[in-house]
Amino acid sequence: MVEQLISIFFLFTIAIYLVLSEDNCRILQFLDAKDGSALEKHVIRTIASNSEHSCRVQCYLENACVSYNFGKRVTGDEVCELNNSTDIQHPDDLKPRVNFIYRGAENSCGTTPCMNGGTRQSGFLPHGYRCLCAAGFTGLKCETDIDDCSANPCHNGGSCRDLVNGFKCDCPEGYLGTLCDTAPSECNQYKILNDSDRHSDFGRGNQTCDKNLIEDWYRFSGEAGTSIATKCISKGKRCGTDVPGWMNGTHPTVDEGVVSRKVCFSGYHKCCYRNVTINVRNCSSFFVYRLKPLSYCNSRYCGKS
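K.L.:
Can you explain the overall build of the protein chain? Please cite residues and give values.
P.N.:
Assigned secondary structure in the protein chain consists of two helices and 20 strands. Once local pairs closer than 6 in sequence are excluded, the contacts in the protein chain between residues at least 24 apart make up 59%. Within the structure as shown, the protein chain displays about 16400 Å² of accessible surface, and the carbon and sulfur contribution to it stands at 50%.

K.L.:
With reference to specific residues and values, describe unusual backbone geometry.
P.N.:
Backbone torsion omega between cysteine 297 and asparagine 298 reads 0°, so that peptide bond is classified as cis. In this fold, asparagine 298 is placed in the loop between β18 (287-291) and β19 (299-301). A positive phi angle, near 45°, is found at cysteine 239, a position not held by glycine. For cysteine 239, the position within the fold is in the loop between β14 (227-228) and β15 (243-248). Classification of cysteine 239 by relative accessible area gives buried; the value is 0%. Phi at serine 284 is positive, roughly 80°, even though this residue is not glycine. The class of serine 284 is partly exposed, set by a relative accessible area of 45%.

K.L.:
Now, about the sheet that holds strand β4 (residues 78-83): what can you tell me, with residues and values included?
P.N.:
Spatially, the five strands line up as an open sheet ordered β1-β5-β3-β4-β2, and their pairing is antiparallel. Looking at which strands have only one partner, the edges of the open sheet turn out to be β1 (34-39) and β2 (43-48). The sheet shows a mean angle of 40° between the axes of neighbouring strands, direction not considered. Looking at chain direction, strand β3 (residues 67-72) and strand β5 (residues 94-104) are connected through five bridges and run antiparallel. The residue bridging glycine 71 from the neighbouring strand is phenylalanine 100, located in β5. Helix α2 (residues 52-61) contacts β2, β3, β4 and β5 of the sheet and is inclined by roughly 150° relative to β3.

K.L.:
Run through the sheet that holds β15, naming residues and quoting values.
P.N.:
An order of β12-β13-β18-β17-β16-β15-β19 is seen for the seven strands of this open sheet, with the pairing classed as mixed. If you trace the sheet from one side to the other, it starts and ends with β12 (191-193) and β19, each paired once. Averaged over all pairs of adjacent strands, the angle between their axes in this sheet comes to 40°, without regard to strand direction. Examined bridge by bridge, strand β13 (residues 216-220) and β18 share three bridges and lie antiparallel to one another.

What counts as what
- Residues numbered from 1 in each chain as written.
- Predicted model: local features only at pLDDT ≥ 70, side-chain atom pairs only at ≥ 80, totals over all residues.
- Heavy atoms only, no water.
- Helix = DSSP H or I, 4+ residues; strand = E, 2+ residues; numbered from the N terminus.
- Contact = heavy atoms within 4.5 Å.
- Areas by Shrake-Rupley, 256 points an atom, 1.4 Å probe, with all protein chains shown as cover.
- Buried < 20%, exposed > 50% of the residue type's maximum accessible area, 1.4 Å probe, protein only.
- Pairing = 2+ DSSP bridges.
- Axes fitted to C-alpha atoms, helices over the stretch in contact; angles between N-to-C directions.

That is the geometry; function is a separate question.
Below you can see the structure in the form of structure tokens.
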């Protein structure tokens, strides 16, 4: 009598759960018991039990359970074996076993496969089954590959490739790391050019020259501007020198890596009286330039805001 009351209480609890949480609730329709039988090779859990009613309750509680074996071992103890399949799917695995009964439930998982490695579980409303998806997949049947690139995780112009439960960043030349967040050395180790008289709007000044400049990577900053000048300094005698230098070409994108550009020096009524070749890199939020000393004076690399 007590066991029957427990079963009724359990089913009443299930009914309440149906109303409050239909998407996650579970109903199993158990079929007639088969005496003297047990399903082998599909047991996922074995527990001590003193009645078939409690064994059935345990099957409800085990999401992967769709059938059970209940009976008495030769040692005299009663056990409940929960199975993740039924004799409908595996008739050859239903074997004779003394003092046992086998009871299976209607198993919608047999005709509703989950995709992409998902685990099928029977009895869940509203579809009669649910799929526990493998990492990286979603959907009723785990048919949808989750787009791990949707949040744009790659930095510095890196290109994101969606993988199963992950992504890979294809980094621009020189950038490293899982997220392309490790900058090339020149973006971390450079010299600063920040003198106010180096700006292209500055007048002739002290007629300075870059003949003593050490060949290295440089960044324009402060009053010198934020980058090298990119237009012909037609007036000449600007940025504190007689023959001011400007870059003839556009700045590269991050993806282009290190590029070569020509720096022209304006003088003697010519926009490109002389020129040298430099290297340039886009460090995402600023540019760096590999500048070399100039063999002629008075010439100088000029900045702009």
